[in-house]
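# Chain and residue survey
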Amino acid sequence: MAWILLTVAGLLEIAWAIGLTYTEGFTRLWPSVLTVAGFAASMVLLAQAARTLPIGTAYGIWVGIGAAGAAVIGMLVLHEPVTAARIFFICLLLVAVVGLKATSGH
């Protein structure tokens, strides 16, 4: 169950990170409300997962999912630059996430 909570927390991290773009510096009410709610929910789920999983593993995977997901969505939706180097490092992040999961002992 902890892995499911952690995965959902990571997906919510992607959502609130992308949501920051739409808040326009927290000057738009509803995008700001949704972004803060996504952040809060992501943190609560991370905290719940960390009750069972080692915090280094849980936090590393949470950050990896969020960073890789936000970068991919940034390229696909927000028209951020798509370069071989960016794709390589996103893949490297995903390898690190899988490595943390494989070596967590859970």
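In this numbering scheme, every chain counts its residues from 1 along its sequence in written order. Since the coordinates come from a predicted model, pLDDT governs what is reported: local features require at least 70, and pairs of side-chain atoms require 80 or more to be given and counted, while whole-chain, interface and lining totals use all residues. The side-chain values count all of the structure's non-hydrogen atoms but skip hydrogen atoms and water molecules.

UniProt positions are given in the numbering used here, feature names are shortened, and annotations may be inferred rather than shown by experiment. Here the UniProt feature "transmembrane region" (unreviewed entry) sits at residues 27-47, 59-78 and 84-103. In the segment residues 27-47, helix accounts for 90% and strand for 0%; the C-alpha atoms at its two ends are 29 Å apart. Helix and strand assignments come from DSSP, with helices taken as H or I runs of at least 4 residues and strands as E runs of at least 2, each series counted from the N terminus. In the segment residues 59-78, helix accounts for 90% and strand for 0%; the C-alpha atoms at its two ends are 26 Å apart.

All right, on to the environment of Val36 then. You can see Val36 is positioned in helix 2 (residues 29-49). Residue Val36 is classed as partly exposed on the basis of its relative accessible area of 47%. Each residue is assigned to one of three classes by its accessible area relative to the maximum for its type, calculated with a 1.4 Å probe on protein chains only: buried under 20%, partly exposed between the two thresholds, exposed over 50%.

On to the confidence of the model for the chain, then. Within a predicted model, pLDDT stands for the predictor's per-residue confidence, ranging from 0 to 100. Here the chain averages 96 in pLDDT, and 99% of its residues register 70 or above. Across the chain, the element-wise mean pLDDT spans from 95 in helix 4 (residues 84-102) up to 98 in helix 2.

Patch building starts from residues that exceed 30% relative accessible area and form no salt bridge, then joins like charges within 9 Å and nonpolar side chains (Val, Leu, Ile, Met, Phe, Trp, Tyr) within 5 Å. Note on areas: Shrake-Rupley with a 1.4 Å probe; residue coverage comes only from the protein chains shown. Salt bridge, as used here, is a side-chain nitrogen of Lys or Arg placed within 4 Å of a carboxyl oxygen of Asp or Glu. Together, Tyr22, Val72, Leu76 and Val77 make up an exposed nonpolar region whose accessible area comes to about 370 Å². Structurally, Val72 is set in helix 3 (residues 55-76). Overall, the relative accessible area of 32% leaves Val72 in the partly exposed class.

The next point concerns the pattern of salt bridges. All told, the structure shown has one salt bridge when counted by the stated rule. The partner of Arg86 in a salt bridge is Glu80, with the nearest N and O atoms 3.4 Å apart. Given the relative accessible area of 27%, Arg86 is considered partly exposed. Residue Glu80 is classed as partly exposed on the basis of its relative accessible area of 30%.

Moving on to the packing of aromatic side chains. Ring pairs are drawn from Phe, Tyr and Trp, using the six-membered ring of Trp, whenever the two centres fall within 6.5 Å, and their geometry is named by plane angle: stacked under 30 degrees, edge-to-face over 60, tilted for the rest. Scanning all chains against the criterion turns up three aromatic pairs. For the pair Trp16 and Phe39, a centre-to-centre distance of 5.0 Å together with 90° between the ring planes defines the contact as edge-to-face. Highlighted residues: Trp16 in helix 1 (residues 2-23) and Phe39 in helix 2, separated in sequence by 23 residues. Residue Trp16 is classed as buried on the basis of its relative accessible area, which comes to 16%. Taking 5.0 Å as the distance between ring centres and 75° as the angle between the ring planes, the aromatic pair formed by Phe88 and Phe89 counts as edge-to-face. You can call Phe88 partly exposed: its relative accessible area is 47%. Two thresholds decide whether a charge sits over a ring: the Lys NZ or Arg CZ must be within 6 Å of the ring centre and within 35 degrees of the ring normal. A cation over an aromatic ring shows up here: Lys101 above the ring of Trp3, its NZ or CZ 4.5 Å from the ring centre.

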